[in-house]
Amino acid sequence: MRYLILVKATPDSERGAMPDESLIAEMAAYHEDLARAGALLDASGLYPSAEGWRVRYGEAGSELRVGPFAPAESLIAGYTLIQARSREEALEWARRFPNPAGGGRPAEIEVRPLMGLEAFPPSDALSRFEALGIGGKD
């Protein structure tokens, strides 16, 4: 199964504050452990929401909204995508994730399993996704 570890934004990350060197080193060590275990698929930080936009859909069509967005705690500052043999293994990797705010400051991560194409009933539309090679099997 693939799992997405979502790092929640903080007021600091939304201001564009970069982590200090010790936190970068701690994150590097964690991601190196993931890579050695064959569990790391991808990881990246995200620019603050002021650099992004949203498209909201409704009865009247779509509406483009440019960031920043609030509150910061409902936003995502980064992610790590892992491959785990079980839910328990993914839980253990999540427990080891360094505090993304560093120094005992309040922070939160959220972990969600990715839904592969096998979760959907077979259909012509699903075959189109399979032909693209996306939505991997879990």
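In case you missed it, the structure is sitting above this.
Residues numbered from 1 in each chain as written. Predicted model: local features only at pLDDT ≥ 70, side-chain atom pairs only at ≥ 80, totals over all residues. Heavy atoms only, no water.

Asks: I tried to follow a nonpolar patch on the surface on my own but got confused; where do I start?
Replies: The grouping of Trp53, Val55, Tyr57, Leu64 and Val66 at the surface amounts to a nonpolar patch, some 630 Å² of accessible area in total. For the nonpolar patch, the secondary structure elements donating two or more residues are β3 (53–58) and β4 (61–66). No other element matches β3, which puts three residues into the nonpolar patch. Looking at the element boundaries, Val55 is found in strand β3. Residue classification places Val55 among the partly exposed residues on the basis of a relative accessible area of 38%. (Patch = residues over 30% accessible without salt bridge, like charges linked within 9 Å, V, L, I, M, F, W, Y side chains within 5 Å. Areas by Shrake-Rupley, 256 points an atom, 1.4 Å probe, with all protein chains shown as cover. Salt bridge = Lys/Arg side-chain N within 4 Å of Asp/Glu carboxyl O. Helix = DSSP H or I, 4+ residues; strand = E, 2+ residues; numbered from the N terminus. Buried < 20%, exposed > 50% of the residue type's maximum accessible area, 1.4 Å probe, protein only.)

Asks: It is not clear to me how the pattern of salt bridges should be interpreted in this structure. Could you clarify?
Replies: Once their charged atoms are close, side chains differing in charge can pair, the charge on each being opposite to the other. By the definition in use, this model includes nine salt bridges. When the shortest N-O distance is used, the salt bridge between Asp33 and Arg36 registers 2.4 Å. With Asp33 and Arg36 both in helix α2 (residues 21–36) and three residues apart, this pair spans about one turn of that helix. In this structure, Arg95 engages Glu92 in a salt bridge whose closest nitrogen and oxygen atoms are separated by 3.5 Å. With Arg95 and Glu92 both in helix α3 (residues 87–96) and three residues apart, the pair spans about one turn of that helix. Classification of Arg95 as exposed rests on a relative accessible area of 61%. When salt bridges that share partners are traced, they join Lys8, Glu110 and Arg112 into one network.

Asks: Would you explain the layout of surface pockets in this entry?
Replies: To find the voids left in a structure, one rolls a probe of water-molecule size over its atoms. Computed from the structure, the largest pocket encloses a volume of approximately 930 Å³. Ser13, Ala17, Pro19, Leu23 and Pro100 are the residues nearest the centre of the largest pocket, which is lined by 35 residues in total. Counting residues per element, the ones that place at least two in the lining of the largest pocket are β1 (2–8), α1 (11–14), α2, β2 (40–45) and β5 (76–83). Of all the elements, α2 adds the most residues to the lining of the largest pocket, at six residues. Considering only residue class, the lining of the largest pocket consists of 18 nonpolar, 12 polar and five charged. (1 Å grid on protein atoms, 1.4 Å probe; cavity = no way out; pocket = protein on both sides within 12 Å on 5 of 7 lines; lining within 4 Å. Points joined across faces, edges and corners; volume = space filled by probe spheres on them. Nonpolar A, V, L, I, M, F, W, Y, C, P; charged D, E, K, R; others polar.)

Asks: Which parts of the structure should I look at to understand the sheet that holds β1?
Replies: The pairing of strands in a sheet comes from backbone hydrogen bonds and takes either a parallel or an antiparallel form. Reading across the sheet, the four strands line up as β2-β5-β1-β6 and stay open at both edges, with antiparallel pairing between neighbours. Looking at which strands have only one partner, the edges of the open sheet turn out to be β2 and β6 (109–113). Ignoring which end each strand starts from, the neighbouring axes of this sheet average 15° apart. Here β1 pairs with β5 via seven bridges, running antiparallel. Bridge assignment links Leu6 to a residue of β5, and that residue is Tyr79. Together, β1, β2 and β5 form the strand contacts of α2, whose direction differs from that of β2 by roughly 160°. (Pairing = 2+ DSSP bridges. Axes fitted to C-alpha atoms, helices over the stretch in contact; angles between N-to-C directions. Contact = heavy atoms within 4.5 Å.)

Asks: Explain the packing of aromatic side chains here, please?
Replies: Aromatic ring pairs are defined here through the distance separating the ring centres and the angle between the ring planes. For the coordinates displayed, the defined rule picks out two aromatic pairs. A centroid spacing of 6.0 Å and a plane angle of 80° characterise the contact between Tyr30 and Trp93, whose relative ring orientation is edge-to-face. Of the two residues, Tyr30 is situated in helix α2 and Trp93 in helix α3; the sequence distance between them amounts to 63 residues. For Tyr30, a relative accessible area of 4% translates into the label buried. Note on Trp93: relative accessible area 7%, which makes it buried. Each ring, one from Tyr30 and one from Phe97, has its centre 5.1 Å from the other, and the planes form 70°; the classification is edge-to-face. (Phe/Tyr/Trp six-rings, centres within 6.5 Å; stacked < 30°, edge-to-face > 60°.)

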